[in-house]
Amino acid sequence: MINTSYEFDQSILPAGSSLKTNILLRFRADIAESPRRHLNLSLVIDRSGSMAGAPLHHALKAAESVVDQLEPDDILSVVVYDDEVDSVVPPQAVTNKAALKNSIRKVRAGGITNLSGGWLKGCEHVKTGLDPQKINRVLLLTDGHANMGIQDPKILTATSGQKAEEGIITTTLGFAQGFNEDLLIGMARAATGNFYFIQSIDEATEVFSIELDSLRAVVGQNLKVTLELANGVSLVDTLSLAKVSQNDASQAVLTLGELYEGEDKLLGLSLVISSAEIGELPVMKLHYSADVVQDHLIQSVSGTVDVVAKVGTVEEAAFASTSQITLELSRLTIAKAKEIGLNLAEHGKHQEAEQTLRALVKDLRDKGLNENFEIAEEIDQLEYFAGRIAQKALGNAGRKEMRDQSYQTMTRNRSDLGGRGVTAGDEVYAIPIVNEVGSGVELYCVREGGKLRIKVMSKGYDSTKNIQFPRAIRAEGARYVVEGLEVSSDGTFYRVRGNITRFAQPGEADIFVAPRQSNQTNTGKASKGPASAADLITTDSVGDSILVQCVKDGSKLRARVVSDGYEPDWNMRFPRSVREEGMLYLVDEIKTAPDGKSYIACGEIKRFVQPNSTN
């Protein structure tokens, strides 16, 4: 059975004509407690050159953590891919965890990114054990753009939807800053799976655990909602992410995906009502269907709900209570505004994008919603993004954060996934510096669950309370001094009062004194190698260097760039004395040769040695 409920943004709508209103619908599977559904899971991990070093190390550790959390009746396969695709763990029951983890630890970084090949192999493995009573899922992790195999995002997205129709759902995980977020979000949406942005490499295990928790909590799938709107009612917008189509009766059909135990699936809608008279107003009939767990089996359920609004006088509507629904609809409205603002900015409409975000900030404040900490945090995010867009300086990291925040809020009802973002803005470098706290209050910026939070260090304050603080000047590890703190009206968090300065402890290195630059020196001169590869300096850290691999091309050994952002098929001028098939190298700089279709390796060459992934 599925429990449904709904609330309008106003408990009483004002009588009149051309009324716009928002409605929030909730769906929750009401089932007796049942055993966890078993998993048929394939981990598909990018091992291309750009993953070399710490990224791959943390990805493999996260994969090991998945093994630790699985049970003997679960089925697991592990696929790794660069330009080649390998099944390091063929589909099997999780009965020998030590052996499975040992296989994962042997993975090493390789060449370029055949994302489609790795993903399709994972789908193939899941299909071999496809069972409608299990959770059949592919987890696709990448840090880069597909540059081999099928690369067209439209084909990959459409295929992801096709696989979902076969019962194979895909969750995508974007690692660091190099991946194509539009592709990964598109694949996840088409498959009704999940998407995660792993901003910091050491949070990979945490994010994998969130997805596993979600899989364990799946109690319903394929939730579809059909809107049979009453005469005079029209759908203006959908505030939640859903696949929207039309049936033969030209009614909107929204596919919302999975239902999770203990978590409401939210559907926000913006409607226009042409006229409303005092009394009860039929707005729509809501038809829903889903496959849910009943009596330890997956069974199809369906139902219909009559959605009716209360209409009163303008005075009655003005004094009617709004309750918690205002906050929940505001979160969806904020997420939608981020999506709209980003789309406007990417079409060159920066001023309109900024105005869209700032207008929403004003509206939220006018409604007093900044007295809620979560909304106050969102206001800081909106102001941060508006400022970056106005300066045409949103950048790659800002775009990914904005897309992720919008996606998570419009898809899931989990506070630990909303508002994630850890990128420091350039503004932190411009804050005046002080070397003593004096009569001020010392604050500290920390990363918690993918978010930057501000904590108080000075005595006399509650260190457990969060602090509302400008997002633009937050940076992990930074310390600040403010004139004072004041408690919010509900007493749950602090607000900063007065000027903000950055605190630099006398005698300690100040990592925020200026934008951090690479220490490497690019000479522009072609690289020269020693007598053999054995004479090269070795390193297990990529840093700001560029990764190159030696591959066999017919009877010749060729050097190819495997870091993202370069043409993977171009030849390269590279010392022959150090070429060994399969070897990975780091160079300071890659220049385009005068012919415009090959590269020149410049600066020092080092041999890259993959760090061991041991416990």
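Reading guide: rules and limits
- Residue numbering note: each chain is counted from 1, following its sequence as written.
- Local features in this predicted model are restricted to residues of pLDDT 70 or higher, and side-chain atom pairs are both shown and tallied only at a pLDDT of 80 or more, whereas totals for entire chains, interfaces and linings draw on every residue.
- Note that water and hydrogens are dropped before the side-chain values are worked out from all heavy atoms of the structure.
- Only DSSP runs of H or I reaching four residues or more are called helices, and only runs of E reaching two or more are called strands; each is numbered from the N terminus.
- Restricting the calculation to C-alpha atoms gives the radius of gyration, and the globule rule supplies 2.2 Å times the number of residues raised to the power 0.38.
- Residue contacts are defined here by distance: any two heavy atoms, one from each residue, within 4.5 Å place the two residues in contact.
- Only the protein chains shown count as cover for residues, with accessible areas throughout obtained via the Shrake-Rupley method and a probe of 1.4 Å.
- Positive: Lys, Arg. Negative: Asp, Glu. His and the chain ends are not part of the count.
- Lys charges are placed at NZ, Arg charges at CZ, Asp charges at CG and Glu charges at CD.
- Two N or O atoms count as a polar contact when they lie within 3.5 Å, although within protein this holds only if one can serve as hydrogen donor and the other as acceptor, and sequence-adjacent residues are included solely when both atoms are side-chain atoms.
- Expected span of a helix, by definition, is 1.5 Å for each gap between consecutive residues, and there is one gap fewer than residues.
- The buried label goes to any residue with under 20% of its type's maximum accessible area, the exposed label to any with over 50%, and the partly exposed label to all in between, with areas taken from a 1.4 Å probe on protein chains only.
- Here, the term nonpolar core denotes a set of buried Ala, Val, Leu, Ile, Met, Phe, Trp, Tyr and Cys residues that are joined through side-chain atoms within 4.5 Å.
- We count a salt bridge whenever a side-chain nitrogen from Lys or Arg sits within 4 Å of a carboxyl oxygen from Asp or Glu.
- Within 6.5 Å between ring centres, the rings of Phe, Tyr and Trp (the latter by its six-membered ring) count as paired, and their orientation is classed by plane angle as stacked under 30 degrees, edge-to-face over 60, tilted in between.
- Consider the ring centre and the ring normal. A charge sits over the ring if Lys NZ or Arg CZ is within 6 Å of that centre and within 35 degrees of that normal.
- Cysteine sulfur atoms are paired as a disulfide whenever they come within 2.5 Å of each other.
- When DSSP finds two or more bridges between two strands, those strands count as paired.
- Only the stretch in contact is used when a helix axis is fitted, and all axes are lines through C-alpha atoms; the angle between N-to-C directions ranges over 0 to 180 degrees.
- Every angle not falling under 35 degrees, over 145, or within 65 to 115 is termed oblique; those three ranges are roughly parallel, roughly antiparallel and roughly perpendicular.
- Crossings are assigned a handedness: left-handed for a near helix turned anticlockwise from the far helix by less than a right angle, right-handed for a clockwise turn.
- Residues qualify for a patch when their relative accessible area is over 30% and they have no salt bridge, like charges being joined within 9 Å and the nonpolar side chains of Val, Leu, Ile, Met, Phe, Trp and Tyr within 5 Å.
- Just so you know the grouping, Ala, Val, Leu, Ile, Met, Phe, Trp, Tyr, Cys and Pro go in nonpolar, Asp, Glu, Lys and Arg go in charged, and all remaining residues, Gly too, go in polar.

> In this structure, what is going on with the overall build of the protein? I would like to understand it.
Of the regular secondary structure elements, the protein holds eleven helices and 28 strands. Its C-alpha radius of gyration of 27 Å places the protein within 12% of the 25 Å reference for a compact globule of 615 residues. If one aligns the C-alpha atoms of the protein with their principal axes, the spans along those axes are about 90 × 65 × 50 Å. Long-range pairs, those at least 24 residues apart, make up 72% of the contacts in the protein between residues at least 6 apart in sequence. With the model as given, the accessible surface of the protein reaches about 26400 Å², and the carbon-plus-sulfur share is 47%. If you average the places of the 67 positive and of the 82 negative side-chain charges in the protein, the two averages end up 5 Å apart.

> Mind showing me how you'd approach the environment of Asn 396 here?
Note that Asn 396 resides in helix H11 (residues 395-411). Along the primary structure Asn 396 and Gly 484 are separated by 88 residues, whereas in three dimensions their C-alpha atoms are 35 Å apart. In terms of polar contacts, Asn 396 uses its side chain to reach the side chain of Lys 400, at 2.7 Å.

> How should I be thinking about helix H8 (residues 325-346) in this particular structure?
Relative to the 32 Å expected for 22 residues at 1.5 Å per residue, H8 spans 32 Å between its end C-alpha atoms, a close match to the ideal helical length. Taken across its 22 residues, H8 has 18 buried, putting it largely inside the fold. Of the residues flanking the end of H8, it is Gly 348, one or two places downstream, whose phi is positive at about 80°.

> Help me understand the nonpolar core in this model?
It is characteristic of soluble globular proteins that their nonpolar side chains tend to be buried jointly. In terms of nonpolar packing, the biggest core is built from 47 residues, with Leu 41, Leu 43, Ile 45, Leu 76, Leu 141, Leu 173 and Phe 208 touching the most fellow members. The leading source of residues in this core is helix H1 (residues 54-69), at seven residues. Once residues lying within four places of it in the same chain are set aside, the contact partners of Ile 45 are Leu 56, Ala 59, Leu 60, Ala 63, Val 79, Val 80, Tyr 81 and Leu 141. Membership of the second largest hydrophobic core comes to 35 residues, among which are Phe 8, Leu 25, Leu 271 and Ala 276.

> Is there a simple way to explain the pattern of salt bridges in this structure?
Close approach of charged atoms lets side chains of opposite charge pair. In this structure the tally under the stated criterion is 42 salt bridges. The residue Asp 264 makes a salt bridge to Arg 26 at a minimum N-O spacing of 3.4 Å. Pair noted here: Asp 264 is in the loop between strand S13 (252-260) and strand S14 (265-276) and Arg 26 is in strand S3 (residues 16-29), with a separation of 238 residues, a long-range link. Here Asp 264 matches Arg 26 in class, with each residue buried. When salt bridges that share partners are traced, they join Glu 181, Asp 182, Glu 346, Arg 399, Lys 400 and Arg 403 into one network.

> Sorry if this is basic, but what is going on with the packing of aromatic side chains here?
For any pair of aromatic rings, geometry is given as the distance between the ring centres together with the angle between the planes. All told, the structure shown has eleven aromatic pairs when counted by the stated rule. Geometrically, the ring pair formed by Phe 373 and Phe 493 is tilted, given 5.2 Å between the ring centres and 55° between the ring planes. Residue Phe 373 is located in helix H10 (residues 373-390), and its partner Phe 493 is located in strand S22 (residues 493-503); the two are separated by 120 residues in the primary sequence. Seen from their ring centres, Tyr 461 and Tyr 494 are 5.8 Å apart, and the 80° between their planes marks the pair as edge-to-face. With a gap of 33 residues between them, Tyr 461 in the loop between strand S19 (451-456) and strand S20 (466-468) and Tyr 494 in strand S22 connect regions that are remote in the sequence. With a relative accessible area of 7%, Tyr 494 lands in the buried category. Lying across the ring of Phe 179, Lys 400 places its NZ or CZ 4.8 Å from the centre.

> What's the story with the state of the cysteines in this structure? I'm lost.
When the sulfur atoms of two cysteines share a covalent bond, that bond is a disulfide. Applying the stated criterion across every chain yields a total of zero disulfides. Of all cysteine sulfurs, the one in Cys 550 lies closest to Cys 602, which takes part in no disulfide; the gap is 18 Å. On the basis of relative accessibility, which here comes to 0%, the residue Cys 602 falls in the buried class.

> Looking at this model, I keep getting lost on the sheet that holds strand S10 (residues 218-229). Mind explaining?
Pairing between sheet strands relies on hydrogen bonds along the backbone, with the strands arranged either parallel or antiparallel. Spatial ordering of the open sheet is given by S2-S16-S15-S10-S13-S12, a layout of six strands whose pairing is mixed. A strand with exactly one partner marks an edge of an open sheet, and here the two such strands are strand S2 (13-14) and strand S12 (243-246). Across two bridges, S2 lies against strand S16 (residues 297-312) in parallel orientation. The partner of Leu 13 across the bridge, within S16, is Val 311.

> Mind showing me how you'd approach the packing of H8 against helix H9 (residues 350-366) here?
For any two helices packed against each other, one specifies the crossing angle of their axes together with the interaxial distance. Following both chains from N to C, one finds H8 and H9 inclined at 165°, their axes separated by 7 Å at the closest point. The pairing of H8 with H9 is recorded here as roughly antiparallel in orientation. The two elements H8 and H9 meet at a crossing, and its hand is left-handed. On H9, the residues that touch Ser 330, Thr 333, Ile 334, Ala 337, Lys 338, Ile 340, Gly 341, Leu 344 and Ala 345 of H8 are His 350, Glu 352, Ala 353, Thr 356, Leu 357, Leu 360 and Leu 364.

> Can you walk me through the sheet that holds strand S7 (residues 135-142) in this structure?
Reading across from one edge, S6-S5-S4-S7-S8-S9 is the order of the six strands in this open sheet, with mixed pairing throughout. Edge positions in the open sheet fall to strand S6 (85-93) and strand S9 (195-198), since each of these has one partner strand only. Pairwise comparison of adjacent strand axes, ignoring direction, gives a mean angle of 15° for this sheet. In this sheet, strand S8 (residues 169-175) lies alongside S7 in parallel orientation, the contact comprising six bridges.

> What is the right way to read a nonpolar patch on the surface from this model?
Residues Leu 120, Ile 150 and Ile 155 make up a contiguous nonpolar surface patch of roughly 210 Å² in combined accessible area. Among the secondary structure elements, Leu 120 is positioned in helix H3 (residues 115-128). Take Leu 120: its relative accessible area is 30%, and that puts it in the partly exposed class.

> Any chance you could explain the pairing of S6 here in plain terms?
Look at any regular strand and the pattern is simple: side chains alternate between the two faces of the sheet. Bridge count for strand S5 (residues 75-81) against S6 is six bridges, and the pairing is antiparallel. Residue pairing for S6: Val 79 is matched across the bridge by Ser 87. Linking S5 back to S6 in an antiparallel pair, the connection comprises three residues.

> So what exactly am I meant to see when it comes to the environment of Ala 190 here?
Along the chain, Ala 190 turns up in helix H5 (residues 181-191). In this structure Ala 190 comes out as buried when scored by relative accessible area, which is 12%. For the pair Ala 190 and Ala 242, spaced 52 residues apart in sequence, the C-alpha to C-alpha distance is 9.2 Å. The contacts of Ala 190, once residues within four sequence positions are left out, are Thr 157, Ser 160, Gly 161, Ala 164 and Lys 243.

> For this particular structure, what's the right way to read helix H4 (residues 153-165)?
Along an α-helix, residues three or four apart share an orientation, since each turn contains 3.6 residues. End to end, H4 covers 19 Å across 13 residues, agreeing with the expected 18 Å (1.5 Å per residue, within 8%). All of the buried residues along H4 are Leu 156, Thr 159, Ser 160, Gly 161, Lys 163 and Ala 164. Measuring from the side-chain oxygen of the N-cap residue of H4 to the backbone nitrogen of Lys 154 gives 2.9 Å; that N-cap residue is Asp 152. Gly 167, located one to two residues past H4, shows a positive phi value of around 100°.

> Help me out: how do you make sense of the packing of H4 against H5 in this one?
The interhelical angle for the contact between H4 and H5, taken along N-to-C directions, is 25°, at an axis separation of 7 Å. With respect to H5, the axis of H4 lies roughly parallel. Like other packed secondary-structure pairs, H4 and H5 cross with a definite hand, here right-handed. Residue-level contacts link Pro 153, Leu 156, Thr 157, Ser 160, Gly 161 and Ala 164 of H4 to Leu 183, Gly 186, Met 187, Ala 190 and Ala 191 of H5. The class makeup of the residues in the contact of H4 with H5 is seven nonpolar, four polar and no charged.

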